[in-house]
Amino acid sequence: MKELVCIVCPRGCRLTVDEEQGYKVTGNSCPRGAEYGRTELQNPTRTLTTTVCVAGGLHRRLPVRTNRAIPKALLPAAMAEAARVRLQAPVAAGQIIIPNLLGTGADLIASRAMPAAGA
Ligand code: SF4
């Protein structure tokens, strides 16, 4: 049995997941919590949010995120990939910065537009 707090919504239900009963989840107030509990024990995933370098823009860092959750174990490697990025402004909101990040099928995308400085 493993206890965890559901992070899918602000209600924060306290979940219990029983690995020996087919990852049966109790304590959830909705089906999303059951799905979260099962996934968290078998293959935890997270959406990566970070910033990357951008030159010639209004700011020197651009907020980026993955367009879907990736395996939690890959977050350090994904951060290292993001740290290597060097962009040139302008950048459009939603622009793909790294396609198929680490072969996960998720793209790293711009969370906002970054106009060129003085534009
Ligand atoms: S189980 Fe449902 S209601 Fe409870 S925190 Fe998770 S998503 Fe929210």
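The text that follows walks through the structure, step by step, so that each part is easy to find. Just so you know, these numbers come straight off a predicted model, no measurement behind them. Positions within a chain are numbered from 1, following the residues in the order the chain's sequence is written. The predicted nature of this model means local features are confined to residues of pLDDT at least 70 and side-chain atom pairs, given and counted, to a pLDDT of 80 or more, with totals for whole chains, interfaces and linings taken over all residues.

**Focus on the pairing of strand S5 (residues 49–55)**
In short, DSSP must find at least two bridges between two strands for them to pair. To qualify as a helix, a DSSP run of H or I must reach at least 4 residues; to qualify as a strand, a run of E must reach at least 2; elements of each kind are numbered from the N terminus. As defined by bridge partners, S5 adjoins strand S6 (residues 61–66) across five bridges and the pair is classed as antiparallel. Pairing of Cys 53 across the sheet is with Arg 61, part of S6. Following S5, the chain reverses through five residues before pairing antiparallel with S6; Gly 56 in that reversal takes a positive phi of roughly 75 degrees. In this sheet, strand S8 (residues 86–88) lies alongside S5 in parallel orientation, the contact comprising three bridges. Bridge pairing links Ala 55 to Gln 88 in S8.

**Details of helix H1 (residues 31–42)**
In this model H1 runs 17 Å from its N-terminal to its C-terminal C-alpha over 12 residues, within 8% of the 16 Å that 1.5 Å per residue would give. Inspection of H1 places Gly 33, Tyr 36 and Gly 37 among the buried residues, and these make up the whole buried set. Viewed along the axis of H1, the buried residues span an arc of 100 degrees, placing them on a single side of the element. In this structure, H1 carries Pro 31 and Gln 42 as exposed residues pointing more than 90 degrees from its buried face. Contacts made by the buried residues of H1 are with strand S1 (2–5), strand S2 (14–18) and strand S3 (24–26). For a helix, the expected span equals 1.5 Å multiplied by the number of residues minus one. Working definition of burial: number of other C-beta atoms within 10 Å of the residue's own, with buried at 20 or more, exposed at 12 or fewer, and partly exposed in between, all C-beta atoms being placed from the backbone. An arc is given here, and it is the one of the directions from the helix axis to the C-beta atoms. Residue pairs qualify as contacts under a 7 Å threshold applied to their C-beta atoms, which are placed from the backbone.

**Some details on the environment of His 59**
Within the secondary structure, His 59 sits in the loop between S5 and S6. Each C-alpha atom of the pair His 59 and Ala 116 lies 8.9 Å from the other, and the pair is 57 residues apart in sequence.

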